[in-house]
Amino acid sequence: MPIDLIVNGTRRRLEADPQRSLLTVLREDLELTGAKYGCGEGQCGACTVLIEGQATRSCLTKLGALAGKSVTTIEGLETGGQLHPLQQAFLDAGAMQCGYCTAGMIVAGASLLRRNPDPEEPAIRKALEGNVCRCGTYTRIVAAVRAAAATGTRTTRG
Amino acid sequence: MVMADTAVTPFDMGTFGSRTTPIMAAQLRKVAAAARELLVDLAAGRWGVDRSALVAQAAAVAHPPTGRTAGYGELSKGQKLVKAIGDDVPTAPAERWTVAGQSVPKVNGREVVTGRHQYTSDMNRPGMVYGRVLRAPSVGAALVSVDTRAAAEAIGAVHAEWKPTPQPSGAELFDYLRKNPTDAQGESARSGYTAGSVESGRAAAATRLDATYTVAYIAHVPLEPRAAVAEWQDGALTVWTGTQRPFGVRTELAEAFRVPEEKVRVVVPDTGSGYGGKHTGEAAIEAARLAKAAGRPVKVAWTREEEFTWAYFRPAGVIDVKSGASPDGKLTAWEFHNYNSGASGIRTPYDVPHQKIEFHATRYPLRQGSYRGLAATANHFARESHMDELAHAIGLDPLDLRLTNLSDARLRAVLQAAAERFGWGKTKATPERGFGLACGVEKGGYVATCAEVAIARPSGEVKVTRAVTAFECGAIVNPDHLRNQVEGAVVMGLGGALFEAVQFEAGEVSNPKLSLYRVPRFSDAPLLETVLLDRKDLPSAGAGETPIVALAPAVAGALFTATGVRRRSLPLAPKGISA
Ligand code: FES
Ligand code: FES
């Protein structure tokens, strides 16, 4: 049975084993390689995508559970060539080294900002605790989320 | 700029040993300067003007008298311009740098934040299939039988029988290292150092101290595990792989498949980090072997568990230190023996008349190799911890003891800078809060770290709450990226200092998962303060490694001031502190 879902705003019909993880389907079948494999057990967050707006570990999510759901990956955060404020904030804060954790961090951060547009540092750390940056850029990532929150607030006020 | 493609770039050793900045950057600067002159020549020829009237700037050549300008790309028109250059190409000294010395942002940052940046594991080739490798459960196990019929389904479905061989376990590790010396003459002979007579230095001392320090095996845990894509065409092999040594991996491949090196091309798309852990070409060889058998391109991407089990680790080690000092804290004797962990950073920067320093190669139970800073992490931990112990025994402040014995001006400068920013000596330690400091020099970089730890009572949970690191590596090339490296090294160092350790039983790694092997996370990251000393008068050294070396001993010192108990093993508090 094919599975229908919405990926980055586009309806996709997938003829794939429902037992496969969303991460492998995104990466191997849909050529969306922004979400990364880092552990396969929900411990690193490199594979984070939004499902119905909620940050989710795609390595632990079975395709079969997603019928009719909407999935947003890092590739879908940009709108009309305009970076998501958090993507821009990561650039401005230099919040990366190897960049392998970055997609997962931004998606998890974007999900937090959606729930809480102006999170303080402890809330940011808590929300991102499941995401590993082995290069150790945590402080910069927190600063980037803070900065994006500030931009967001300005935009809504302005 | 094309980087790390053995078919189109000149040979280089690789990205390790903090060599890029002192060696490669200097070469690139010459090449860039020569290329600029070549482009100026092209423009002069094209416009028929004197080259001295031309200005090369911002990726274009301009002729101010006529207002003409042409971009570099426009001038070279996609041609391959080849020129051999000598060693004497003039380059700008640091005082006259315009781009270097600035915090230029990462070139491919936008690709990264949009998820478009391609790592090896993201690659796809026409007709590519995925390969997996069945591996032994433990070091030294031999394959008895295997039924490969289920291999097409999943590697986990393959039934295999293995015969283990007796192998050491973690509990006996340090005994094992001490009792199994090998005479790998090379490294031990080269790294040894003797001056005066330790015996007489000890005899003259008012305070004598003997102590043993140990460090555990730790894993690099690069967030992208090893990966490679291999493709054969007419007997020639192309492999894309995330490695720190593309030319080294090319040699490995040529040897493995008995083909000349000219038939092998290694391309490094980009690497989800390495930290010294990706010098080798395991995944490259596996992918190439499978691609050969399958007759089509194959991708091999290791799982986290494979990476934890079959990559290599920072070597575990045992270090014995014997010292002596006069009543005013002057070191009189220093004897230092490192078993297995390595010789990097083994020498002491302090002034000691009588010294004996030796590295002892031993047999070792797990695969081991390079790690950020190599053995400098272990040797600095032992040496700096021992300095603290001496200070305590003599009744001196750890900072004063160091300064008393230190004539190296660059090291003194970072030590004083870190102490000043930290406010060293201003606050008294309590059972809940301690302060430590350490310093060192390695690979041309000078570092000092002051750390503050907090111990939650009664849980005993330990947190590094603040780390101030002063670093000096000559003329700073990119201040923001340097800061980023220093911060990252401190955060990574914190894992090895407090809780990281590879556990193993009879040659089998027993914590090969992120859920079992703890790495630093957001909640572990301390308040980081970095003080950079810019020495425009000195050549730039690398900075990826050395900033890691002083953190662990500084944390050990901080724990001591809080608890009064000296911890001599890394990790220092994998389960917190009970007392
Ligand atoms: S790969 Fe999904 S959490 Fe690590
Ligand atoms: S930037 Fe390398 S893992 Fe985060």
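Residues numbered from 1 in each chain as written. Chains lettered and ligands numbered in written order. Predicted model: local features only at pLDDT ≥ 70, side-chain atom pairs only at ≥ 80, totals over all residues. Heavy atoms only, no water.

Caption draft 1: Region of interest: the overall build of chain A. Within chain A, the secondary structure is distributed over five helices and five strands. Counting from the amino terminus, chain A carries its helices and strands in the arrangement β-β-α-β-β-β-α-α-α-α. With the C-alpha coordinates aligned to their principal axes, the bounding extent of chain A is approximately 45 × 35 × 25 Å. Taken across its 158 residues, chain A has 54% of its residues classed as buried. Across chain A, contacts joining residues at least 24 apart in sequence account for 57% of those joining residues at least 6 apart. With the model as given, the accessible surface of chain A reaches about 6500 Å², and the carbon-plus-sulfur share is 50%. (Helix = DSSP H or I, 4+ residues; strand = E, 2+ residues; numbered from the N terminus. Buried < 20%, exposed > 50% of the residue type's maximum accessible area, 1.4 Å probe, protein only. Contact = heavy atoms within 4.5 Å. Areas by Shrake-Rupley, 256 points an atom, 1.4 Å probe, with all protein chains shown as cover.)

Caption draft 2: The arrangement of the domain arrangement of chain A in detail. Residue and element names in this part refer to chain A. As far as domains go, chain A holds domain 1 (3-77) and domain 2 (85-156). Computed over C-alpha atoms only, the centres of domain 1 and domain 2 are separated by 21 Å. Contacts between domain 1 and domain 2 engage 17 residues on the former and 14 residues on the latter. The junction of domain 1 with domain 2 conceals about 1300 Å² of combined surface from both sides, 60% of it contributed by carbon and sulfur atoms. Remark: the boundary between domain 1 and domain 2 carries zero salt bridges. In this assembly, domain 1 and domain 2 are joined by seven residue pairs in polar contact (both at pLDDT 80 or more). At the level of secondary structure, the elements contributing two or more residues to the side of domain 1 that touches domain 2 comprise β3 (48-51) and β4 (54-57). Taken together, the residues of the side of domain 1 that touches domain 2 sort by class into eight nonpolar, seven polar and two charged. (Domains from an automatic or database assignment. Buried area = accessible area lost by both parts, 1.4 Å probe. Salt bridge = Lys/Arg side-chain N within 4 Å of Asp/Glu carboxyl O. Polar contact = N/O pair within 3.5 Å; in protein donor to acceptor, adjacent residues only side chain to side chain. Nonpolar A, V, L, I, M, F, W, Y, C, P; charged D, E, K, R; others polar.)

Caption draft 3: Representation of the pattern of salt bridges within the structure. Scanning the entire structure with this criterion turns up 44 salt bridges over all chains. E28 of chain A serves as the salt-bridge partner of R20 of chain A, at 3.7 Å between the closest nitrogen and oxygen. E28 of chain A sits in the partly exposed class, given a relative accessible area of 34%. The shortest N-O distance in the salt bridge between E37 of chain B and R51 of chain B comes to 2.8 Å. Pair noted here: E37 of chain B is in helix α1 (residues 20-47) and R51 of chain B is in the loop between α1 and β1 (55-57), with a separation of 14 residues, a long-range link. Relative accessible area serves as the criterion here: at 33%, R51 of chain B is assigned to the partly exposed category.

Caption draft 4: Up close: the nonpolar core. Among the nonpolar cores identified, the biggest contains 148 residues, and F90 of chain A together with V555 of chain B are the most heavily contacted of them. At nine residues, helix α13 (residues 479-498) of chain B tops the list of elements feeding residues into this core. Not counting residues within four places of it along the chain, the set of residues in contact with V555 of chain B comprises A451, V453, V464, L498 and L572 of chain B. Core analysis: the next-biggest nonpolar cluster, separate from the first, contains 21 residues, A230, V266, A287 and W302 of chain B among them. (Core = buried A, V, L, I, M, F, W, Y, C linked by side-chain atoms within 4.5 Å.)

Caption draft 5: Broad picture of helix α4 (residues 121-128) of chain A. All names here are of chain A. Residues of α4 that are buried include every one of I124, R125 and L128, and no others. Relative to the axis of α4, the buried residues are bounded by an arc of 95° and lie together on one face. Exposed residues lying more than 90 degrees from the buried face of α4 are P122 and K126. (Arc of directions from axis to C-beta.)

Caption draft 6: Region of the structure containing the sheet that holds strand β18 (residues 462-472) of chain B. Residue and element names in this part refer to chain B. The strand order across the open sheet built from four strands is β16-β17-β18-β21, with neighbouring strands paired in mixed fashion. The sheet is open, and its two borders are formed by β16 (433-442) and β21 (527-533), each paired with just one other strand. Sheet twist, expressed as the average angle between the axes of neighbouring strands with direction ignored, equals 15°. Here α13 sits on the sheet and contacts β18 and β21; the angle it forms with β21, its principal contact strand, is near 130°. (Pairing = 2+ DSSP bridges. Axes fitted to C-alpha atoms, helices over the stretch in contact; angles between N-to-C directions.)

Caption draft 7: Region of interest: the packing of aromatic side chains. Residues and elements named next belong to chain B. Evaluated as defined, the whole model comprises 11 aromatic pairs over all chains. Taken together, the ring pairs connect Y217, F313 and F504 into an aromatic cluster. Positioned above the aromatic ring of W232 is the side chain of K292, whose terminal nitrogen or guanidinium carbon lies 4.8 Å from the ring centre. Above the face of the F560 ring, R566 is positioned so that its terminal group lies 4.8 Å from the ring centre. (Phe/Tyr/Trp six-rings, centres within 6.5 Å; stacked < 30°, edge-to-face > 60°. Lys NZ or Arg CZ within 6 Å of the ring centre and 35° of its normal.)

Caption draft 8: Just the packing of α13 of chain B against helix α14 (residues 551-563) of chain B, in detail. All names here are of chain B. Look at α13 against α14: their axes get within 8 Å of each other, and the N-to-C directions meet at 55°. Judged by the inter-axis angle, α13 sits oblique to α14. Handedness of the α13/α14 crossing: right-handed. Where α13 approaches α14, its residues V490, G493, L494, A497 and L498 are matched on the opposing element by L551, A552 and V555. In the contact of α13 with α14, the residues fall into seven nonpolar, one polar and no charged. (Parallel < 35°, antiparallel > 145°, perpendicular 65-115°, else oblique. Left-handed = near helix turned anticlockwise from the far one by under 90°.)

Caption draft 9: Up close: the interface of chain B and chain A. Taken together, the contact between chain B and chain A spans 49 residues of the former and 46 residues of the latter. A combined buried area of about 4000 Å² lies between chain B and chain A, and 51% of that area is made up of carbon and sulfur atoms. Per-residue buried area on chain B facing chain A is highest for V113, L223 and F522 of chain B; these three make up 23% of the total on that side. On inspection of chain B and its partner chain A, the count reaches seven salt bridges. Two residues, E78 of chain A and R116 of chain B, come together in a salt bridge whose shortest N-O distance is 3.5 Å. Put simply, chain B and chain A have 33 residue pairs in polar contact (both at pLDDT 80 or more) between them. At the level of elements, α3 (109-113) and α13 of chain B are the ones that each hand at least two residues to the side of chain B that touches chain A. Broken down by element, the residue count for the side of chain B that touches chain A peaks at eight residues, all from α13 of chain B.

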